[in-house]
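Observations on the three-dimensional arrangement
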Amino acid sequence: MDNNKRPDSMERITTKELADAFIAEQIDLVKKQVGDKKVLLALSGGVDSSVVAALLIKAIGKQLVCVHVNHGLMRKGESEQVIEVFQNQLDANLIYIDATDRFLDLLAGVAEPEKKRKIIGGEFIKVFDEEAGKLEGISFLAQGTIYPDILESDGVKAHHNVGGLPEDMQFELVEPVKLLYKDEVRVVGKALGLPSSMVDRQPFPGPGLGVRCLGAITRDRLNALREADAILREEFDNAGLNKTVWQYFIAVPDMKSVGVKNDKRYEGWPAIIRAVNTTDAMSATIEEIPYSILNKITARITAEVEGINRVLYDLTPKPVGTIEWE
Ligand code: XMP
């Protein structure tokens, strides 16, 4: 039997009952597979790895070692949430690595988007590999592979994902959600008790804010981007737009314009709002955002974020514009 093929008879997991049954079945399977050995997991805080972590904590507790690498390109509060949920609430064996300086030092002066992606992906593997090398007695590697990853394994996500691992890592894989579609992973995550802010997260690229801090990343512009993005997310949440808009974020280009603040000339970067709807990310339409909300977001970002002096709304559907700016 092909273990990577979803059986035609497998029911779509849409309810808590079906999720609970799936969880119970996977706990059994994982226990049988792993025995009393240790399992390593790169926990990004994204939906898939978080659900795998919660499931494995239930199955094997402290035999799971989670490693969270903060590459310095996370959104505001994300790494903190990983620590809060997994270390504080679920009492996981979590190793937190703040590798911000390593990533940002390597990225300094690099403006070319594909080069940036390569650096981020390559360094991620290096940091994770170094950490894995320090641990003893690890026999298994858990991964948040989901069914679309298998179906598209030569497609887009493969080169997109930061979580690729070195080929010389000799671990057996534990992939409990590999036959599930994304919506099912979310249902399972909820049944496992993960917060909605984690399970219902919008897609976030592996290279994180690195592809939204356009051109060569600097710490001050990255910081402005992170703060502006947090304001956008907060205001979308308040207005309920998080339920209707598929993906929304800020991009900050490497250019300044003149402005005026407190009666003084104020040169700053523009914050560009992107808010799109799509089913498969292959094409996307622009969401109509009420003007009053755009107004409020503009007022807050220009008042609260150091270095930003304009807010723009990108009206371009995909095609022609891709969702991300680089
Ligand atoms: P584009 O910009 O190609 O994006 O229209 C389509 C979807 O893919 C996401 N995306 C990425 N995801 N690594 C990822 O894991 C990446 O390098 C990457 N680039 C784009 C993007 O956020 C959108 O949802």
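Residues numbered from 1 in each chain as written. Predicted model: local features only at pLDDT ≥ 70, side-chain atom pairs only at ≥ 80, totals over all residues. Heavy atoms only, no water.

**Things to note about the pairing of strand β4 (residues 138–142)**
For a regular strand, side chains alternate in direction, first toward one face of the sheet and then toward the other. Counting buried residues along β4, 4 of its 5 residues qualify, which places the element largely inside the surrounding structure. Both strand β1 (residues 38–42) and β4 contribute to a ladder of 4 bridges, which runs parallel. Of the residues in β4, the one forming a bridge with Val-39 is Phe-140. (Buried < 20%, exposed > 50% of the residue type's maximum accessible area, 1.4 Å probe, protein only. Helix = DSSP H or I, 4+ residues; strand = E, 2+ residues; numbered from the N terminus. Pairing = 2+ DSSP bridges.)

**Some words on the packing of helix α4 (residues 100–107) against helix α5 (residues 113–134)**
As a packed pair, α4 and α5 sit with axes 10 Å apart at the nearest point and diverge in direction by 150 degrees. With respect to each other, α4 and α5 are oriented roughly antiparallel. Considering how the two elements wind past one another, α4 and α5 form a crossing that is right-handed. Where α4 approaches α5, its residues Arg-102, Phe-103, Leu-106 and Leu-107 are matched on the opposing element by Lys-116, Ile-119, Ile-120, Glu-123, Phe-124, Lys-126, Val-127 and Glu-130. Along the lines of polarity and charge, the residues of the contact of α4 with α5 split into 7 nonpolar, no polar and 5 charged. (Axes fitted to C-alpha atoms, helices over the stretch in contact; angles between N-to-C directions. Parallel < 35°, antiparallel > 145°, perpendicular 65-115°, else oblique. Left-handed = near helix turned anticlockwise from the far one by under 90°. Contact = heavy atoms within 4.5 Å. Nonpolar A, V, L, I, M, F, W, Y, C, P; charged D, E, K, R; others polar.)

**Let's talk about the nonpolar core**
Core analysis: the biggest nonpolar cluster contains 45 residues, and Leu-40, Val-69, Leu-222, Phe-236, Ile-250, Ile-301 and Ile-308 have the highest contact counts within it. Per-element accounting of this core gives the leading share, 7 residues, to helix α10 (residues 219–238). Mapped onto the domain boundaries, this core takes at least three residues apiece from domain 1 (16–199) and domain 2 (212–313). (Core = buried A, V, L, I, M, F, W, Y, C linked by side-chain atoms within 4.5 Å. Domains from an automatic or database assignment.)

**What about the packing of aromatic side chains?**
If you walk through the whole model with that rule in mind, you get 3 aromatic pairs. Ring centres of Phe-124 and Phe-128 lie 6.5 Å apart, and the angle between their planes is 5 degrees; this geometry places the pair in the stacked category. Taken together, the positions of Phe-124 and Phe-128, both in helix α5 and 4 residues apart, correspond to about one turn of that helix. Each of the two residues, Phe-124 as well as Phe-128, counts as buried. For Arg-212, the ring lying beneath its charged end belongs to Phe-249, and the centroid distance is 3.7 Å. Between the NZ or CZ atom of Lys-256 and the centre of the ring of Trp-269, over which it lies, the distance is 4.9 Å. (Phe/Tyr/Trp six-rings, centres within 6.5 Å; stacked < 30°, edge-to-face > 60°. Lys NZ or Arg CZ within 6 Å of the ring centre and 35° of its normal.)

**Remarks on the domain arrangement of the protein chain**
For the protein chain, the domain assignment lists domain 1 (16–199) and domain 2 (212–313). The interface of domain 1 with domain 2 comprises 13 residues on the first partner and 12 residues on the second. Taken over both partners, the interface formed by domain 1 and domain 2 buries close to 1,100 Å², and the fraction arising from carbon and sulfur atoms is 52%. Scanning the region where domain 1 abuts domain 2 turns up 3 salt bridges. A salt bridge links Asp-101 to Arg-219; the nearest nitrogen and oxygen atoms lie 2.9 Å apart. (Buried area = accessible area lost by both parts, 1.4 Å probe. Salt bridge = Lys/Arg side-chain N within 4 Å of Asp/Glu carboxyl O.)

**What about the sheet that holds strand β2 (residues 64–70)?**
If you trace the 5 strands from one edge of the open sheet to the other, you get β3-β2-β1-β4-β5, paired in parallel fashion. A single partner strand is all that each edge strand has here, and the edge strands are β3 (93–98) and β5 (172–174). Across the sheet, the mean angle from the axis of one strand to that of its neighbour is 30 degrees, orientation sign disregarded. By the bridge criterion, 6 bridges tie β2 to β3 in an arrangement that is parallel. When the bridges of β3 are listed, Val-65 appears paired with Asn-93.

**Looking at the site of the ligand**
Taken together, 13 residues are adjacent to the ligand, and Arg-117, Gln-247, Lys-318, Ile-323 and Glu-324 come closest. A distance of 3.0 Å separates an oxygen atom of the ligand from a polar atom in the backbone of Gly-206. Between the ligand and Ile-323 there is a distance of 2.8 Å, counted from an oxygen atom to a backbone nitrogen or oxygen. When the residues that make up the shell around the ligand are grouped by side-chain class, the tally is 5 nonpolar, 5 polar and 3 charged. Residue contributions to the shell around the ligand reach at least three from each of two domains, namely domain 1 (16–199) and domain 2 (212–313). (Near = heavy atom within 4 Å. Polar contact = N/O pair within 3.5 Å; in protein donor to acceptor, adjacent residues only side chain to side chain.)

**Here's the deal with the confidence of the model for the protein chain**
Here the protein chain averages 94 in pLDDT, and 95% of its residues register 70 or above. Counting contacts from residues 155–163, a segment whose pLDDT is below 50, to residues more than four positions away or on other chains yields 12 contacts. (pLDDT = per-residue confidence, 0-100.)

**Things to note about the pattern of salt bridges**
Applying the stated criterion across every chain, the model contains 26 salt bridges. The residue Glu-324 makes a salt bridge to Arg-212 at a minimum N-O spacing of 2.8 Å. With Glu-324 in the segment after β11 (308–313) and Arg-212 in the loop between α9 (196–199) and α10, this pair connects stretches of sequence that are 112 residues apart. Across the pair, Arg-212 and Glu-324 agree in class, each one buried.

**Considering the environment of Cys-213**
One can find Cys-213 in the loop between α9 and α10. Taking the relative accessible area as the measure of exposure, Cys-213 reaches 0% and is therefore buried. For the pair Cys-213 and Ala-111, spaced 102 residues apart in sequence, the C-alpha separation works out to 9.9 Å. The contacts of Cys-213, once residues within four sequence positions are left out, are Lys-116, Thr-218, Arg-221, Leu-222, Leu-225, Val-252 and Glu-326.

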